[in-house]
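Chain residues, written in single-letter form:
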Amino acid sequence: SRMRVRAPGHAGALSEDARAVVVGMTLYTRKEHICRAALESVAFGTVDVMQAMKADTGLRLGSMHVDGGMTGNSFLMQLQADLLGVDVLRAKMPEATVLGAALAAGLAVG
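Definitions and cut-offs
- Residues numbered from 1 in each chain as written.
- Predicted model: local features only at pLDDT ≥ 70, side-chain atom pairs only at ≥ 80, totals over all residues.
- Heavy atoms only, no water.
- Helix = DSSP H or I, 4+ residues; strand = E, 2+ residues; numbered from the N terminus.
- Buried < 20%, exposed > 50% of the residue type's maximum accessible area, 1.4 Å probe, protein only.
- Contact = heavy atoms within 4.5 Å.
- Areas by Shrake-Rupley, 256 points an atom, 1.4 Å probe, with all protein chains shown as cover.
- Expected span 1.5 Å × (residues − 1).
- Polar contact = N/O pair within 3.5 Å; in protein donor to acceptor, adjacent residues only side chain to side chain.
- Core = buried A, V, L, I, M, F, W, Y, C linked by side-chain atoms within 4.5 Å.
- 1 Å grid on protein atoms, 1.4 Å probe; cavity = no way out; pocket = protein on both sides within 12 Å on 5 of 7 lines; lining within 4 Å.
- Points joined across faces, edges and corners; volume = space filled by probe spheres on them.
- Salt bridge = Lys/Arg side-chain N within 4 Å of Asp/Glu carboxyl O.

Draft legend 1. Molecular detail of the overall build of the protein. Counting its regular elements, the protein contains 3 helices and 4 strands. Within the span of the protein, comprising 110 residues, buried residues form 20% of the whole. Restricting to contacts in the protein with at least 6 residues of sequence separation, those with at least 24 account for 57%. For the protein, the accessible surface area stands at approximately 8,100 Å², while carbon and sulfur atoms represent 61% of it.

What follows is the structure, given as C-alpha coordinates:
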(Lines give C-alpha, C1' and ligand atoms only; values in the text may rest on other atoms or scores of the structure.)
Protein backbone atom coordinates (compact mmCIF):
# COMPACT_ATOMS: atom_id res chain seq x y z
CA SER A 1 0.00 0.00 0.00
CA ARG A 2 1.07 3.56 -0.65
CA MET A 3 1.03 6.46 1.72
CA ARG A 4 -0.98 9.54 0.79
CA VAL A 5 -1.17 13.09 2.11
CA ARG A 6 -4.44 14.92 1.67
CA ALA A 7 -4.34 18.64 2.29
CA PRO A 8 -7.57 20.65 2.58
CA GLY A 9 -6.37 23.28 0.11
CA HIS A 10 -6.86 20.77 -2.67
CA ALA A 11 -10.55 20.64 -1.85
CA GLY A 12 -10.88 24.24 -2.97
CA ALA A 13 -10.77 26.41 0.15
CA LEU A 14 -8.35 27.05 2.97
CA SER A 15 -9.22 28.11 6.47
CA GLU A 16 -6.96 28.93 9.39
CA ASP A 17 -7.92 25.71 11.18
CA ALA A 18 -7.40 23.47 8.12
CA ARG A 19 -5.44 20.27 8.69
CA ALA A 20 -3.79 17.70 6.44
CA VAL A 21 -3.93 13.97 6.95
CA VAL A 22 -1.34 11.28 6.22
CA VAL A 23 -2.79 7.86 5.46
CA GLY A 24 -1.02 4.56 4.93
CA MET A 25 1.86 4.88 7.40
CA THR A 26 3.37 1.70 8.82
CA LEU A 27 6.17 0.94 11.26
CA TYR A 28 8.49 1.01 8.25
CA THR A 29 7.53 4.52 7.14
CA ARG A 30 10.52 6.87 7.04
CA LYS A 31 10.73 10.63 6.76
CA GLU A 32 11.62 10.24 3.07
CA HIS A 33 8.28 8.50 2.48
CA ILE A 34 6.41 11.37 4.15
CA CYS A 35 8.32 13.95 2.10
CA ARG A 36 7.56 12.09 -1.13
CA ALA A 37 3.88 11.81 -0.20
CA ALA A 38 3.75 15.56 0.48
CA LEU A 39 5.34 16.33 -2.90
CA GLU A 40 2.92 13.96 -4.64
CA SER A 41 0.07 15.75 -2.88
CA VAL A 42 1.23 19.08 -4.31
CA ALA A 43 1.49 17.58 -7.81
CA PHE A 44 -1.94 15.92 -7.67
CA GLY A 45 -3.42 19.16 -6.30
CA THR A 46 -2.09 21.00 -9.34
CA VAL A 47 -3.59 18.35 -11.60
CA ASP A 48 -6.97 18.93 -9.89
CA VAL A 49 -6.73 22.66 -10.59
CA MET A 50 -5.67 22.15 -14.20
CA GLN A 51 -8.53 19.70 -14.83
CA ALA A 52 -11.01 22.20 -13.37
CA MET A 53 -9.59 24.97 -15.58
CA LYS A 54 -9.90 22.73 -18.64
CA ALA A 55 -13.49 21.85 -17.73
CA ASP A 56 -14.37 25.54 -17.30
CA THR A 57 -12.63 26.84 -20.43
CA GLY A 58 -12.31 23.87 -22.76
CA LEU A 59 -8.65 24.83 -23.26
CA ARG A 60 -5.80 22.37 -22.93
CA LEU A 61 -2.52 23.39 -21.31
CA GLY A 62 0.38 23.33 -23.77
CA SER A 63 3.12 23.93 -21.22
CA MET A 64 3.36 25.18 -17.68
CA HIS A 65 5.73 27.97 -16.60
CA VAL A 66 6.65 27.69 -12.93
CA ASP A 67 8.53 29.71 -10.35
CA GLY A 68 8.95 29.68 -6.59
CA GLY A 69 11.01 27.69 -4.15
CA MET A 70 9.49 24.31 -4.98
CA THR A 71 10.74 24.55 -8.56
CA GLY A 72 14.16 23.62 -7.19
CA ASN A 73 12.84 20.11 -6.56
CA SER A 74 13.52 18.16 -9.75
CA PHE A 75 11.42 15.19 -8.61
CA LEU A 76 8.36 17.42 -8.18
CA MET A 77 8.86 19.18 -11.52
CA GLN A 78 9.25 15.85 -13.37
CA LEU A 79 6.22 14.36 -11.60
CA GLN A 80 4.20 17.45 -12.52
CA ALA A 81 5.23 17.12 -16.16
CA ASP A 82 4.42 13.42 -16.21
CA LEU A 83 1.00 13.80 -14.59
CA LEU A 84 -0.06 16.73 -16.77
CA GLY A 85 1.56 15.47 -19.96
CA VAL A 86 3.09 18.89 -20.66
CA ASP A 87 6.49 20.54 -20.50
CA VAL A 88 7.13 22.22 -17.16
CA LEU A 89 9.39 25.22 -17.74
CA ARG A 90 11.25 26.72 -14.78
CA ALA A 91 11.80 30.46 -14.58
CA LYS A 92 15.43 31.55 -14.86
CA MET A 93 14.92 33.34 -11.54
CA PRO A 94 13.18 30.95 -9.12
CA GLU A 95 11.56 33.76 -7.13
CA ALA A 96 10.28 35.70 -10.15
CA THR A 97 6.87 36.29 -8.54
CA VAL A 98 8.47 37.95 -5.52
CA LEU A 99 10.57 40.17 -7.80
CA GLY A 100 7.48 41.18 -9.76
CA ALA A 101 5.62 42.06 -6.57
CA ALA A 102 8.56 44.14 -5.35
CA LEU A 103 8.78 45.98 -8.67
CA ALA A 104 5.03 46.67 -8.64
CA ALA A 105 5.28 47.99 -5.07
CA GLY A 106 8.15 50.25 -6.08
CA LEU A 107 6.14 51.63 -8.99
CA ALA A 108 3.15 52.22 -6.72
CA VAL A 109 5.10 54.37 -4.27
CA GLY A 110 6.98 56.22 -6.97
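Draft legend 2. View of helix H1 (residues 31–57). Taking 1.5 Å of rise per residue, 27 residues should cover 39 Å, and H1 covers 39 Å from first to last C-alpha, within 8% of that figure. Regarding H1, the residues found buried are Ala-37, Leu-39, Glu-40, Ser-41, Ala-43, Gly-45, Val-47 and Met-50. Backbone geometry just after H1 places Gly-58 at a positive phi near 80°.

Draft legend 3. Representation of helix H2 (residues 74–84) in the model. Of all the positions in H2, only Leu-76, Met-77, Leu-79, Gln-80, Ala-81 and Leu-84 are classed as buried. In the core, the buried residues of H2 are packed alongside H1, strand E3 (63–66) and strand E4 (87–90). For H2, the capping residue at the N-terminal end is Asn-73, with a side-chain oxygen 3.1 Å from the backbone nitrogen of Phe-75. Among the residues trailing H2, Gly-85 stands out with phi positive, at a value near 70°.

Draft legend 4. Molecular detail of the side chain of Thr-71. On the secondary structure map, Thr-71 appears in the loop between E3 and H2. Not counting chain neighbours up to four residues away, the residues in contact with Thr-71 comprise Val-66, Met-77, Arg-90 and Pro-94.

Draft legend 5. Summary view of the nonpolar core. Judged by nonpolar contacts, the single largest core of 13 residues is most densely connected at Met-64, Val-66, Leu-76, Met-77, Leu-84 and Val-88. Among the secondary structure elements, those contributing two or more residues to this core are H1, E3 and H2. Sorting elements by how many residues they give to this core places H2 first, with 5 residues. If sequence neighbours within four positions are ignored, Leu-76 has contacts with Leu-39, Val-42, Ala-43 and Met-70.

Draft legend 6. Examining the layout of surface pockets more closely. By volume, the largest pocket is sized at about 270 Å³. Within the residue set of the lining of the largest pocket, elements represented by two or more residues are H1 and H2. When residues in the lining of the largest pocket are grouped by element, the largest group, 6 residues, is from H1.

Draft legend 7. Spotlight on the pattern of salt bridges. One pass over the full model with this rule turns up 2 salt bridges. Between Glu-32 and Arg-30 there is a salt bridge, with the nearest N and O atoms lying 3.2 Å from each other. One salt bridge connects Glu-40 with Arg-36, and the closest N-O pair in it is separated by 2.8 Å. Here the residue Glu-40 and the residue Arg-36 both occupy positions in helix H1, the gap between them amounting to 4 residues, near one helical turn. Glu-40 gets classed as buried once you look at its relative accessible area, which sits at 6%.

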